[in-house]
Amino acid sequence: MMAIIGTLVVLVCVTGGYLLSHGHLLALWQPYELLIIGGGALGAFLIANPASIVKQSFMGALGLVKGPTYKQQDYIDLLSLLYDIFSVARKEGLLGLEQHIEEPHNSSIFTAYPRLVREHHLIEFLTDCLRLMVSGSMNAHELEPLLDFELETHHREAEAPALAVAKVADALPGFGIVAAVLGIVTTMSQLTGDTSRIGEHIAGALVGTFLGILLCYGFIGPLASAMENRVQEDSRAFECVKVALIANLRGYNPKVAVEFARKSLSAQARPSFGDFETHLKESHAGAGR
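Along each chain, residues carry numbers from 1 onward, in the same order as the chain's sequence is written. In keeping with the predicted nature of the model, local features appear solely for residues at pLDDT of at least 70, side-chain atom pairs appear and are counted solely at 80 or more, and the whole-chain, interface and lining totals rest on all residues. Side-chain numbers come from the whole structure's heavy atoms, not from hydrogens or water.

**Regarding the packing of helix α4 (residues 72-92) against helix α9 (residues 198-249)**
Packed helices, taken two at a time, are described by their axes: the angle between them and the distance between them.
Stage number 1. Running from N to C, α4 and α9 point in directions that differ by 20°, and their axes come no closer than 11 Å. Here α9 runs roughly parallel to α4, going by the angle between their axes. The crossing of α4 and α9 is right-handed. Contacts between α4 and α9 involve Y75, L78, L79, L82 and F86 from the former and E233, R236, A237, C240, V241, A244, L245 and N248 from the latter.
Stage number 2. Its residues assigned to classes, the contact of α4 with α9 comprises 10 nonpolar, one polar and two charged. Here an axis means a line fitted to C-alpha atoms, over the contact stretch when the element is a helix, while the angle between two N-to-C directions is reported on a 0 to 180 degree scale. A run of H or I in DSSP counts as a helix once it spans at least four residues, and a run of E counts as a strand once it spans at least two, with each numbered from the N terminus. For classification purposes, an angle smaller than 35 degrees is called roughly parallel, one larger than 145 roughly antiparallel, one from 65 to 115 roughly perpendicular, and anything else oblique. Crossings are classed by handedness, with left-handed meaning an anticlockwise turn of the near helix from the far one by less than a right angle and right-handed meaning a clockwise turn. Note on contacts: a residue pair is in contact if any heavy atoms of the two residues lie within 4.5 Å. Think of it as three bins: nonpolar holds Ala, Val, Leu, Ile, Met, Phe, Trp, Tyr, Cys and Pro, charged holds Asp, Glu, Lys and Arg, and polar takes everything else, Gly as well.

Given below as structure tokens:
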């Protein structure tokens, strides 16, 4: 929603200021300049990136309209899932988790949270970490740097589409100059013709520079930043899992480990502990019925 609002603000303020200064809006309509700038930027984007990054970039841009991947209820569900996992491990031992982590889609623990089960990357990260714990081959001090490395790798891969879009934004002013130069070339070739139209051609050429800069700083650059912020926001769920697992492995009881995980979330995404406890009681009451 904020992306749409921001786009409208840019359009209204730029065009509004231009019109209030007695500009003519039709003078900005230069389809051939747009073709040069947009087509050149798109072609460069396709040359520079593999098909997977291109697809993820378009999906990431469209995903900004849908809102955050993980909402507050998802964080409550995640904390509850971690609490259930740690409770089973405390009662039955870590080996009691083996059947759940091998087939999470058939596990009574995981399927109690259907929204989270659909988050393939998050569940895969959680089950991989639990496998390391079940194997008993690592203590908390050995596991933590391994999880940090895993999170860094995941974050770098998730951030690649945003970086690719940012590079396109950086190239747009250059393509604007290309469009402007080609417009001047066209103007110069018509000096022997109707001189009354020379001003129009020069204005059209300058619009190319204007469009390249506007697209860079008004639209594509902010879009790349928004995609990068979304990656950082989504990574909080993974960080939450890491903190909870390390706390549990260090011997903290399930409730304390989950509270550590809750505090690792940002203030914006962090549910209150009362919300978590209420949800926990309701889910356990439903299981009892």
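**Some details on the pattern of salt bridges**
Stage number 1. Salt bridges, as used here, are contacts in which a Lys or Arg side-chain nitrogen is within 4 Å of a carboxyl oxygen on Asp or Glu. With the rule as written, the count across this model stands at 10 salt bridges.
Stage number 2. With a shortest N-O distance of 3.5 Å, D74 and R115 are connected by a salt bridge. Residue D74 is located in helix α4, and its partner R115 is located in helix α6 (residues 114-117); the two are separated by 41 residues in the primary sequence.
Stage number 3. Categorising residues by exposure relies on relative accessible area from a 1.4 Å probe, with only protein chains included: less than 20% of the type maximum marks a residue as buried, more than 50% marks it as exposed, and the intermediate range marks it as partly exposed. Residue R115 is classed as partly exposed on the basis of its relative accessible area, which comes to 24%.
Stage number 4. A salt bridge links K242 to D148, with the shortest nitrogen-to-oxygen separation between them at 2.8 Å. One end of the pair, K242, is in helix α9; the other, D148, is in helix α8 (residues 140-189), with 94 residues separating them in the sequence.
Stage number 5. Assessed through its relative accessible area of 8%, K242 is described here as buried.

**Examining the nonpolar core**
Stage number 1. Counting 42 residues, the largest nonpolar core has L81, I85 and L126 as its most contacted members.
Stage number 2. Within the residue set of this core, elements represented by two or more residues are α4, α6, α7 (120-135), α8, α9 and α10 (254-264).
Stage number 3. Every residue in contact with I85, bar those within four places of it in the chain, is listed here: L97, I109, F110, L126 and L130.
Stage number 4. Of all hydrophobic cores here, the second largest spans 13 residues; its members include A164, A169, A179 and L211. Among buried residues, those of type Ala, Val, Leu, Ile, Met, Phe, Trp, Tyr and Cys that are joined through side-chain atoms within 4.5 Å constitute a nonpolar core.

**Focus on a nonpolar patch on the surface**
Stage number 1. To count toward a patch, a residue needs a relative accessible area above 30% and no salt bridge. Like charges then connect within 9 Å, nonpolar side chains (Val, Leu, Ile, Met, Phe, Trp, Tyr) within 5 Å. Only the protein chains shown count as cover for residues, and all accessible areas are computed by the Shrake-Rupley method using a 1.4 Å probe. On the surface, I184, M188, L191, I202 and L206 cluster together into a nonpolar patch covering about 430 Å² of accessible area.
Stage number 2. When residues of the nonpolar patch are traced back to their parent elements, those giving at least two are α8 and α9.
Stage number 3. Tracing the backbone shows I184 in helix α8.

**Quick notes on the environment of G218**
Stage number 1. Along the chain, the position of G218 falls in helix α9.
Stage number 2. The buried category is assigned to G218, whose relative accessible area is 16%.
Stage number 3. Taking C-alpha positions, G218 is 9.6 Å from V14, a pair spaced 204 residues apart along the chain.

**A word on the side chain of S107**
Stage number 1. As for its placement among the helices and strands, S107 is situated in the loop between α5 (98-102) and α6.
Stage number 2. The class of S107 is buried, set by a relative accessible area of 2%.
Stage number 3. Looking at S107, its side chain comes within polar contact range of the main-chain nitrogen of I109, at 3.1 Å. Between N or O atoms, a polar contact is any pair within 3.5 Å; within protein, one atom must be a potential hydrogen donor and the other a potential acceptor, and residues adjacent in sequence are included only when both atoms are from side chains.

**Looking at the environment of I177**
Stage number 1. By the element assignment, I177 lies in helix α8.
Stage number 2. Overall, I177 belongs to the partly exposed group, its relative accessible area being 48%.
Stage number 3. Distance from I177 to I37, taken between C-alpha atoms, is 9.0 Å for residues 140 residues apart in sequence.

**Quick look at the packing of aromatic side chains**
Stage number 1. When two rings of Phe, Tyr or Trp (its six-membered ring) have centres within 6.5 Å they constitute a pair, described as stacked for plane angles under 30 degrees, edge-to-face for angles over 60, and tilted for the intermediate range. Going through the model one piece at a time under the given rule, you end up with four aromatic pairs.
Stage number 2. With centroids separated by 6.3 Å and ring planes inclined at 85°, the aromatic side chains of F45 and F58 adopt a geometry described as edge-to-face. Of this pair, F45 sits in helix α2 (residues 31-48) while F58 sits in helix α3 (residues 51-66), placing them 13 residues apart in sequence.
Stage number 3. Owing to a relative accessible area of 6%, F45 belongs among the buried residues under this scheme.
Stage number 4. Aromatic pair Y70 and Y75: ring centres 6.3 Å apart, planes at 55°, arrangement tilted. Here Y70 matches Y75 in class, with each residue buried.

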